[in-house]
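Per-entry structural report
Spelled out from the first residue to the last, the chains are:
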Amino acid sequence: MADEKRSSIIDTTDEDDRELVALGYKPSFKREFTNLSTISFAFSIMGLCSSIATTFNTPLTLGGPATVVWAWILGASMCFTLGASIAEIVSAYPTCGGLYTASAELVPREYRGRVAWLVGWLNTLGQIAGISSTEYGLANMILSAASIGTNGSFQITSGKRVGLFAGLLVVHGLLNSLATKHLARLTKGFVFVNLGTTFVIIIVLLAKTPRAEMHPASYVFGSSGIINQTGLDGHPGWPTGLAFLFGLLSVSWTMTDYDATAHISEEVRRAAYAAPSAIFIAVIGTGLIGWLLNIVLVLCSGPFENLPGESGSAFLEIIVIRAGKTGALIIWVFVCMTAFFVVQTALHAASRTVYAFSRDHALPDRGYFGKNSNRTHTPLRAIWLTTFACILPGLLDLASPIAAGAIFSMTAMALDFSYVIPIFCRRVFEKHPDVMFKPGPFYMGNGWLGWACNIICICWTIFICIIFSFPVNLAVTPSNMNYASVITVGVIVLAYIWYFISARKHYVGPRSNLKDDDVVAIQQDSHSETSETTKA
């Protein structure tokens, strides 16, 4: 009977599952993600070429060509420190709750409920807004290609945009409903499409641009490439230094959702090693390859006054100029595929966050969405709740595009705050008796390197969130106002109102879902393994 209970409850012969049990959670997922599929997942969540395609206009049209180049490498360098700091925590706490779960473990017991509640809601809503805005961007990319392919005869309307947006999200929901082994196999190929498309674009642009039409170094890297265009309707605009800093929005938008790989930790083999390594490799790779892509785009961009062109996308316009309409549309298919993969992996990660949040009774659902399907061993309820939640912000576009944009704008700020809170708490409370931080295999040490990375990323995140709060153009109107800070602060205030009125009565932070008979079975299993080892 005891053997039957052990086999039905938990298999502690797996090192990953033993680690998960030590953190207080019963293994509920199949570990099907290999090193390759995990690295592919981490690269895909950033969507290198598609993310640059949708954000390239911002640094180019606000600060000029040189801003594109230097803002990217500056922001990427800072993102390296944030990625390394997150990887360090993920290695120590490899659960599907990611930094939400870790935040509770990194503070004294009396603060766990309040801190985890805030980090959890910022992370969850940031992910939902990010998925929604990325899918919305993909719908625009597809419709723009249709317009170009028909020489403008295809008219883009809000109804078509929202309909395509919602349809794509339903497709992603269906794909994420597959069993983990199928998701792992599907994800393996994402990195090759992502990086392959990026290098094809680089090669095509360099091969098809005559040497005489390439811009000089002073335009790509120098002061002649700094062009302040933050003023509207004759207004002088922001100072040039601030216009340059707005260029950081592109890299900060691309290199975000770092902890997405953490949310699949319970589906990854050797998670304490593979998940943080994948995060670190993806951050380094995206930063460096993205810089090369930006340099080549600016080098081959043609006359500045012709951008962003009829399509409204400077990225697409540059490819059309160099590869022709047919060649550009062929390449654009793969850029759109990369964006499709971003949403696929992001929805996967966000559904695991919702699952963990429900499992810990942070949602008013009595744990309904914190259960896995017996057939697929995946959280189907959480997947579809997340899918429909992501559709809602896009529907706002039918009533008010300004309101939809306001929701989308909170993504980076909400996610970044959810990252630095646990990093800050880890340093402040690491020696507290309720915490006693125990590092995982990925550890930068307690010397100058670890401290420098943590301090730099915290200061950088606070700084960049201030930049995120500015409207990028002057004069400010309701249509170009930046609502990111208002929405993010609103989320924090509402989350805490809910917490103090109601949630604190039942929510105390992440809680173990191991039952007494689970613990007995685990102890018996461990004792049996020890006895067999001794006999051997």
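The name an unreviewed UniProt entry assigns to the chain is Amino acid permease/ SLC12A domain-containing protein, from the organism Panaeolus cyanescens. Taken from UniProt, the Subcellular location (unreviewed entry) comment for the chain reads in full: "Membrane".

We now examine the overall build of the chain. Assigned secondary structure in the chain consists of 22 helices and 0 strands. Dimensions of the chain, computed from C-alpha atoms along their principal axes, come out at roughly 75 × 45 × 40 Å. Taken over 536 residues, the chain has a buried fraction of 57%. The long-range fraction of contacts in the chain, counting pairs at least 24 apart against all pairs at least 6 apart in sequence, stands at 82%. Summed over all atoms, the accessible surface of the chain reaches about 21,300 Å², with 65% contributed by carbon and sulfur. Charge centroids of the chain, computed over 35 positive and 34 negative side chains, lie 3 Å from each other.

With 20 residues, helix H17 (residues 380–399) extends 30 Å from end C-alpha to end C-alpha; this agrees with the ideal 28 Å at 1.5 Å per step. The largest bend in H17 comes to about 25°, at leucine 392, with the proline proline 393 one to four residues further on. The set of residues buried in H17 consists of Ala382, Ile383, Thr386, Thr387, Cys390, Ile391, Pro393, Gly394 and Asp397.

This next bit is on helix H16 (residues 314–359). Helix length check: H16 (46 residues) gives 44 Å between terminal C-alpha atoms against 68 Å at 1.5 Å per residue, more than 12% under. A bend of about 120° at glycine 324 is the largest found in H16. One or two steps after H16, the chain reaches histidine 361, where phi turns positive at roughly 65°.

It is worth spelling out the packing of aromatic side chains at this point. Applying the stated criterion to the full structure yields 28 aromatic pairs. Residues tryptophan 121 and phenylalanine 357 carry aromatic rings whose centres are separated by 5.2 Å and whose planes lie at 75° to one another, so their mutual orientation is edge-to-face. Of this pair, tryptophan 121 sits in helix H8 (residues 112–149) while phenylalanine 357 sits in helix H16, and the two are 236 residues apart along the sequence. Note on tryptophan 121: relative accessible area 13%, which makes it buried. The interplanar angle of 45° and the centroid separation of 5.7 Å between the aromatic rings of tryptophan 460 and phenylalanine 463 together place this pair among those described as tilted. Of this pair, tryptophan 460 and phenylalanine 463 both sit in helix H20 (residues 448–468), 3 residues apart, which is roughly one turn of that helix. Stacked on the ring of tyrosine 273, the Lys or Arg arginine 270 has its end atom at 4.4 Å from the ring centre.

Below, the discussion takes up the packing of helix H4 (residues 48–55) against helix H15 (residues 271–299). Packing of H4 against H15 brings their axes to within 10 Å, and their N-to-C directions diverge by 50°. The pairing of H4 with H15 is recorded here as oblique in orientation. Along this stretch, H4 crosses H15, giving a crossing that reads as right-handed. Counted together, Leu48, Cys49 and Ile52 of H4 and Thr286, Ile289, Gly290, Leu293, Asn294 and Leu297 of H15 form the full contact between these two elements. For the contact of H4 with H15, the residue count by class is 6 nonpolar, 3 polar and no charged.

Moving on: the side chain of serine 313. If you trace the backbone, serine 313 turns up in the loop between H15 and H16. Not counting the four nearest positions on each side in its chain, serine 313 is found in contact with Ala53, Asn57, Pro308 and Trp332.

Relative to the assigned elements, alanine 76 resides in helix H6 (residues 65–92). With near-sequence residues (within four places) excluded, alanine 76 lies in contact with Val251, Met255 and Gly287.

Our next topic: the side chain of asparagine 57. Relative to the assigned elements, asparagine 57 resides in helix H5 (residues 57–63). When sequence neighbours within four positions are dropped, the list of residues in contact with asparagine 57 reads Leu62, Pro308, Gly312, Ser313, Ala314 and Phe315.

About the cut-offs
- Residues numbered from 1 in each chain as written.
- Predicted model: local features only at pLDDT ≥ 70, side-chain atom pairs only at ≥ 80, totals over all residues.
- Heavy atoms only, no water.
- UniProt positions renumbered as here; feature names shortened; annotations may be inferred.
- Helix = DSSP H or I, 4+ residues; strand = E, 2+ residues; numbered from the N terminus.
- Buried < 20%, exposed > 50% of the residue type's maximum accessible area, 1.4 Å probe, protein only.
- Contact = heavy atoms within 4.5 Å.
- Areas by Shrake-Rupley, 256 points an atom, 1.4 Å probe, with all protein chains shown as cover.
- Lys, Arg positive; Asp, Glu negative; His and termini not counted.
- Charge placed at Lys NZ, Arg CZ, Asp CG, Glu CD.
- Expected span 1.5 Å × (residues − 1).
- Bend = angle between axes of the 7 residues up to and from the residue.
- Phe/Tyr/Trp six-rings, centres within 6.5 Å; stacked < 30°, edge-to-face > 60°.
- Lys NZ or Arg CZ within 6 Å of the ring centre and 35° of its normal.
- Axes fitted to C-alpha atoms, helices over the stretch in contact; angles between N-to-C directions.
- Parallel < 35°, antiparallel > 145°, perpendicular 65-115°, else oblique.
- Left-handed = near helix turned anticlockwise from the far one by under 90°.
- Nonpolar A, V, L, I, M, F, W, Y, C, P; charged D, E, K, R; others polar.

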